[in-house]
Amino acid sequence: MARLRLLLQHVCSLLLLLAVGAHALKFDIPAGTGHDRHSRRCIRNFVSKDMLVVVTAIVDGYKGDGMQLNMHITDATGNEYGKPKDIAGEQRTVFTSHADAPFDVCFENILTNTRYVENPTRHVELDIDIGADAKDWSAIQATEKLKPVETELRRIEEMVAEIVNEMDYLRLREQKLRDTNESTNTRVKWFGLGTTFLLIALWAWQIMYLRAYFRSKHLI
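What you are looking at is a predicted structure, and each value in this text was computed from that prediction instead of being measured. (Residues numbered from 1 in each chain as written. Predicted model: local features only at pLDDT ≥ 70, side-chain atom pairs only at ≥ 80, totals over all residues. Heavy atoms only, no water.)

Some remarks on the overall build of the protein
And then number 1: The helix and strand tally for the protein stands at 3 helices and 8 strands.
And then number 2: Along the protein, helices and strands appear, N-terminal first, in the series α-β-β-β-β-β-β-β-β-α-α.
And then number 3: Looking at the 220 residues of the protein, the share that counts as buried comes to 26%.
And then number 4: Contacts spanning at least 24 positions in sequence make up 74% of the contacts within the protein whose residues lie at least 6 apart.
And then number 5: Of the roughly 15,500 Å² that the protein leaves accessible, carbon and sulfur atoms contribute 58%. (Helix = DSSP H or I, 4+ residues; strand = E, 2+ residues; numbered from the N terminus. Buried < 20%, exposed > 50% of the residue type's maximum accessible area, 1.4 Å probe, protein only. Contact = heavy atoms within 4.5 Å. Areas by Shrake-Rupley, 256 points an atom, 1.4 Å probe, with all protein chains shown as cover.)

What follows is the structure in structure tokens.
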């Protein structure tokens, strides 16, 4: 098991070294009344408990341009991590997750009717950093006086550890689901056997009852 874990760390390190930098998600949100679906856009991501998350949104336009773009960050368990309103320019939200659950970053573009807007659309550039990617490695490098190579290796090491922990978490979930499946199969098997024995007993009782009935009527 230890050799498999070490091999997995080496493979993940190689993949991270070959991977290119991640690009931010870019999309447009048309403005609406706030009650229609086309003026709302949500992005979902999964995060483990006690994980640092940095959500950075770069929005074009400016405040008072006839549109109001609101952002709302919540997870599937009901925790709320931020609800900034009327954002423009760069908006950064930093939080630590409270549960192993997916979280949603939702945007809503509303027409304020304060002025005429020829093309009521806001362009959003969204970047979500989780775990090692969310840390300020420049500050860590300056504080601990690390060389650039040492800083990069430190970042890759933490990313590999996160991947290995995530795979361990998935393995435990798979084991739990397998145990649940086996338990369900066992219950279904005993339920099927009990139903079969009950039907056999009911069939035998019906035969005995009919025989006694026909004899009492002197039919047999």
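Now that the structure is up, let's keep going.
Regarding the packing of aromatic side chains
And then number 1: Per the stated rule, a full pass over the model turns up 5 aromatic pairs.
And then number 2: Where Phe-95 meets Phe-103, the ring centres are 5.8 Å apart and the plane angle is 80 degrees; that geometry is what we call edge-to-face.
And then number 3: When its relative accessible area of 6% is taken as the criterion, Phe-95 is described as buried.
And then number 4: Phe-103 gets classed as buried once you look at its relative accessible area, which sits at 0%. (Phe/Tyr/Trp six-rings, centres within 6.5 Å; stacked < 30°, edge-to-face > 60°.)

A look at the nonpolar core
And then number 1: Residues Phe-103, Val-105, Phe-107 and Leu-126 are the most contacted members of the largest nonpolar core, which totals 22 residues.
And then number 2: Of all elements in the fold, only β1 (25-30), β2 (40-47), β3 (52-59), β4 (67-75), β7 (101-111) and β8 (121-130) reach the threshold of two or more residues within this core.
And then number 3: In contact with Phe-103, not counting residues within four places along its chain, are Ile-43, Arg-44, Asn-45, Phe-46, Val-47, Val-53, Ile-73, Thr-74, Asp-75, Phe-95, Ile-128 and Ile-130. (Core = buried A, V, L, I, M, F, W, Y, C linked by side-chain atoms within 4.5 Å.)

A short note on unusual backbone geometry
And then number 1: Positive phi outside glycine occurs at Asp-50, with the angle close to 60 degrees.
And then number 2: Note on placement: Asp-50 falls in the loop between β2 and β3.
And then number 3: Notably, Asp-86 is not glycine yet its phi reads approximately 50 degrees, a positive angle.
And then number 4: Mapping Asp-86 onto the fold places it in the loop between β5 (80-82) and β6 (89-96).
And then number 5: According to the relative accessible area criterion, Asp-86 is partly exposed, its value standing at 23%.

Observations concerning the pattern of salt bridges
And then number 1: Tallying each qualifying case throughout the model produces 7 salt bridges.
And then number 2: For Arg-122, the salt bridge is made with Asp-65, and the minimal N-O distance between the two is 3.0 Å. With Arg-122 in strand β8 and Asp-65 in the loop between β3 and β4, this pair connects stretches of sequence that are 57 residues apart. (Salt bridge = Lys/Arg side-chain N within 4 Å of Asp/Glu carboxyl O.)

Examining the sheet that holds β6
Two strands in a sheet stick together by hydrogen bonds in their backbones, pointing the same way (parallel) or opposite ways (antiparallel).
And then number 1: Ordered in space as β1-β8-β3-β6, the 4 strands form an open sheet in which the pairing is antiparallel. At either end of the open sheet lies a strand with only one pairing partner, and these are β1 and β6. On average, each strand axis in the sheet is inclined to that of its neighbour by 25 degrees, with strand direction left out of account.
And then number 2: The sheet contact formed by β1 and β8 spans 6 bridges and is antiparallel. In the sheet register, Asp-28 faces β8, and the bridge partner there is His-123. (Pairing = 2+ DSSP bridges. Axes fitted to C-alpha atoms, helices over the stretch in contact; angles between N-to-C directions.)

Here's the deal with the sheet that holds β4
And then number 1: Ordered in space as β2-β7-β4-β5, the 4 strands form an open sheet in which the pairing is antiparallel. On the outer flanks of this sheet lie β2 and β5, each paired with one strand and no other. The mean inter-strand angle of the sheet, taken between neighbouring strand axes irrespective of direction, is 25 degrees.
And then number 2: Here 2 bridges tie β4 to β5, and the two strands are oriented antiparallel to one another. When the bridges of β5 are listed, Thr-74 appears paired with Glu-80.

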